[in-house]
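# Examination of the molecular architecture
Now for the letters of each chain:
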Amino acid sequence: MEVVIQPSTAAAVELVAEIIAREVQARPRPVLGLATGRTMESVYTRLVQMHRAERLDFSGCQTFNLDEYVGLQGTDKHSYRHYMNRLFFNQVNIDLRNTHLPHGDARELAAECERYERLIHETGGIDLQLLGIGQSGHIGFNEPPSEANSRTRVVTLAPETIRQNAPLFGADKMPSHAITMGVGTILASKKCLLLATGKSKAGIIQRTIEGPVTTNVPASALQSHPHCTIVLDEAAASALSAEARKR
Ligand code: F6R
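Residues numbered from 1 in each chain as written. Predicted model: local features only at pLDDT ≥ 70, side-chain atom pairs only at ≥ 80, totals over all residues. Heavy atoms only, no water.

## Some words on the overall build of the protein chain
Looking only at helices and strands, the protein chain has eight helices and 10 strands in total. In terms of overall size, the protein chain behaves like a compact globule, its C-alpha atoms giving a radius of gyration of 17 Å where 247 residues would be expected to give roughly 18 Å. Each principal axis of the C-alpha distribution contributes one length, and for the protein chain these read about 50 × 40 × 35 Å. In the protein chain, which comprises 247 residues, the share counted as buried stands at 55%. Considering only intrachain contacts with a sequence separation of at least 6, the fraction spanning at least 24 residues in the protein chain is 78%. A total accessible area of about 10800 Å² is found for the protein chain, and carbon and sulfur atoms account for 50% of it. Across the protein chain, the 26 positively charged side chains and the 26 negatively charged ones have centroids separated by 2 Å. (Helix = DSSP H or I, 4+ residues; strand = E, 2+ residues; numbered from the N terminus. Rg over C-alpha atoms; globule rule 2.2 N^0.38 Å. Buried < 20%, exposed > 50% of the residue type's maximum accessible area, 1.4 Å probe, protein only. Contact = heavy atoms within 4.5 Å. Areas by Shrake-Rupley, 256 points an atom, 1.4 Å probe, with all protein chains shown as cover. Lys, Arg positive; Asp, Glu negative; His and termini not counted. Charge placed at Lys NZ, Arg CZ, Asp CG, Glu CD.)

## Section: the packing of helix α1 (residues 9–26) against helix α2 (residues 38–54)
Running from amino to carboxyl end, α1 crosses α2 at an angle of 55 degrees, the nearest separation of the two axes being 9 Å. As judged from the angle between their axes, α1 and α2 are oblique. The handedness of the crossing between α1 and α2 comes out as right-handed. Between α1 and α2, the residues in contact are Val13, Glu14, Val16, Ala17, Glu18, Ile20 and Ala21 and Ser42, Val43, Arg46, Leu47 and Met50, respectively. Among the residues making up the contact of α1 with α2, the classes are represented as eight nonpolar, one polar and three charged. (Axes fitted to C-alpha atoms, helices over the stretch in contact; angles between N-to-C directions. Parallel < 35°, antiparallel > 145°, perpendicular 65-115°, else oblique. Left-handed = near helix turned anticlockwise from the far one by under 90°. Nonpolar A, V, L, I, M, F, W, Y, C, P; charged D, E, K, R; others polar.)

## Some remarks on unusual backbone geometry
One can expect most non-glycine residues to show negative phi and most peptide bonds to be in trans. With an omega dihedral of -10 degrees, the bond running from Pro144 to Pro145 counts as a cis peptide bond. Mapped onto the elements, Pro145 comes out in the loop between β6 (128–131) and β7 (153–156). The backbone phi angle of Arg55 is positive, close to 60 degrees, even though this residue is not glycine. You can see Arg55 is positioned in the loop between α2 and β3 (62–65). Arg55 sits in the exposed class, given a relative accessible area of 73%.

Next up, the structure:
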C-alpha cells in the first residue's frame with residue numbers, strides 16, 4: 001500500500017485527478033471504476049476542468065460505478081446515476097452508453113448483481129478503481145462485516161452510513177439498502193486509488209492502514225492489493241503513526 005500525504009485537501013484532490021488523467025491517457029480503451037460521495041465532487045470538478053482546458057479525452061473510456069441505492073431510478077435526484085451524470089458524464093466527452101452503474105430499481109436484484117459483475121468481467125476488468133471511505137470502514141457500500149471475496153450484491157446500509165448520508169436526502173427518506181460491488185470485485189481491479197480527506201476520516205484511515213486485515217474494517221482488505229495508493233490530506237492522516245506516514 002502506498003500512502004501519499006498532501007499538505008491540503010486541494011493538493012490531495014489534484015493528485016488524484018492527475019493519476020486518473022494519466023490512466024485515461026495511457027491506453028485507448030481505459031476502464032475506470034468510479035465512486036460518488038462528497039469527497040469525490042471536487043475530483044470530478046477538476047477532471048471536467050482538465051477536459052475543458054487541456055482537452056483530456058474521455059471518449060474511449062468505459063466506467064463502472066461502485067454502487068447505487070436500491071429502489072431509486074436513475075432519474076431520481078438522490079441516485080448515484082443522477083450524481084454522475086450531473087457532476088461528470090454530462091460535462092465531458094464520454095459516451096453515456098459506456099457508463100455503467102448497477103440498476104437500483106431492477107425488479108430482480110440478484111440477477112442485476114450478476115449482470116453487473118459479468119459486464120465488468122466481459123469488459124476486461126477495471127484498470128483503475130477510485131475509492132472513498134465511509135466512517136464505518138466501508139469501500140463502495142461494503143459494510144462491516146464484508147468478506148474479502150464478496151462480489152456485487154445487495155447490502156443493508158450500516159447505521160453510521162445512514163447517519164453520514166441522510167442529510168443529503170433532506171426531507172426525503174434515505175434507502176436502507178444498496179447494490180455494491182463486493183470487496184472481491186474491488187480487489188480484482190488492476191489498480192486501486194483511495195482518497196480520504198478531513199478529520200472525520202482520521203480514525204478509520206488509521207485502522208485501514210495500520211490495523212489488522214479484518215472483515216470488520218472492509219477497507220483494510222486493500223492492504224493485500226498489489227497496486228493500491230491511498231491519498232490523504234493532513235487531517236485524514238492525523239492519526240497515523242510516524243512509521244505509517246513514511247509508507
Ligand atoms: C460511494 C461510495 C462510498 C463513499 C464513502 C465516502 O460511491 O462508494 O464508499 O466513497 O461513503 O463518502 P463521502 O465522500 O461523502 O464521505
